[in-house]
Amino acid sequence: MLEAKSLQKNFGDVTAVDGITFKINKGEIMGLIGQNGAGKTTTFRMILDLLTPDQGEVLWKGKKLTNKVFNQIGYLPEERGLYPKVSIEDQILYFAQLRGKSKKEIKPLIDDWLEKFDVKGKRGDKVKTLSKGNQQKVQLITTLIHQPELIILDEPFSGLDPVNAELLESGIREAQANGASIIFSSHNMNNVEELCDSLIMLRDGNQILNGTVKEIREKFGRTKLFLESS
Ligand code: ATP
């Protein structure tokens, strides 16, 4: 489904990403882990064709991925981008329209999604009146509601308490069950180990680990222990 081949990106003297290679199939979840500055966001931006790699390429269904397929993609960027003075409903409709959906298609879905993420009853509220966590959940809804085939989430768990993290996990699992391929970055090893089929670990732009969670467990014993000691 999605394939990244030897991606590399430099910013002046800094090599932000140095040779990332992976494949992700339909219905698979991949975790991207690494410390601050490891190259996770740069990797996502290259996958999404928002940044041009200095080397390597990204294939989506066997063809070079360009921004023409954006309607099939859901992206939660690291720098969240909601409009504070707009209502939740209008916000969701606006982003869905950017992804080629009509208001008519999306409107009937909104209440269910708000309920799923426990922000029911706030449909008409302006975004700025919501807590940070609730804003995060609204942005997740804008990322998922058009049922993308590829979902890329940059630190989706950051800022969510354990109860809301569980809601997000359910949302990710549901998207997987509907056939989406999902990549997300996280500092929380629990989320990665529990949710992912495969994972990549980055350190200073280098891919120091790439495999299925099962393979990594077999190789290193408990994944968590390996990750914590690495
Ligand atoms: P974090 O968890 O802190 O968001 P990250 O793993 O997402 O980190 P990136 O944001 O991809 O890491 O950054 C990787 C490296 O590339 C860092 O050294 C960063 O300073 C550098 N970098 C990223 N974007 C740019 C840019 N536009 N110009 C210059 N350097 C950049």
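See the structure above.
Read on for a plain summary of the structure. (Residues numbered from 1 in each chain as written. Predicted model: local features only at pLDDT ≥ 70, side-chain atom pairs only at ≥ 80, totals over all residues. Heavy atoms only, no water.)

Describing the packing of aromatic side chains
Next up, step 1: Under the definition given, this model contains five aromatic pairs.
Next up, step 2: Geometrically, the ring pair formed by tyrosine 83 and tyrosine 94 is edge-to-face, given 5.7 Å between the ring centres and 85 degrees between the ring planes. Taken as a pair, tyrosine 83 in the loop between β6 (73–76) and α2 (88–98) and tyrosine 94 in helix α2 lie far apart in primary sequence, 11 residues in all.
Next up, step 3: Exposure remark for tyrosine 83: the relative accessible area of 41% places this residue in the partly exposed category.
Next up, step 4: Residue tyrosine 94 is classed as partly exposed on the basis of its relative accessible area of 36%.
Next up, step 5: One aromatic cluster is present, built from ring pairs that chain together Tyr83, Tyr94 and Phe95.
Next up, step 6: Lying across the ring of tryptophan 113, lysine 116 places its NZ or CZ 3.7 Å from the centre. (Phe/Tyr/Trp six-rings, centres within 6.5 Å; stacked < 30°, edge-to-face > 60°. Helix = DSSP H or I, 4+ residues; strand = E, 2+ residues; numbered from the N terminus. Buried < 20%, exposed > 50% of the residue type's maximum accessible area, 1.4 Å probe, protein only. Lys NZ or Arg CZ within 6 Å of the ring centre and 35° of its normal.)

Quick notes on the sheet that holds strand β9 (residues 198–203)
Next up, step 1: Read across the open sheet, the six strands follow the order β6-β7-β8-β3-β9-β10; overall the sheet is mixed. For this open sheet the edge positions go to β6 and β10 (206–212), each flanked by a neighbour on one side alone. Shown here is a sheet whose adjacent strand axes are inclined to one another by a mean of 10 degrees, direction ignored.
Next up, step 2: Looking at chain direction, β9 and β10 are connected through six bridges and run antiparallel. Bridge pairing in β10 places serine 198 opposite threonine 212.
Next up, step 3: Here helix α5 (residues 162–177) sits on the sheet and contacts β3 (29–34), β7 (150–153) and β8 (181–186); the angle it forms with β8, its principal contact strand, is near 155 degrees. (Pairing = 2+ DSSP bridges. Axes fitted to C-alpha atoms, helices over the stretch in contact; angles between N-to-C directions. Contact = heavy atoms within 4.5 Å.)

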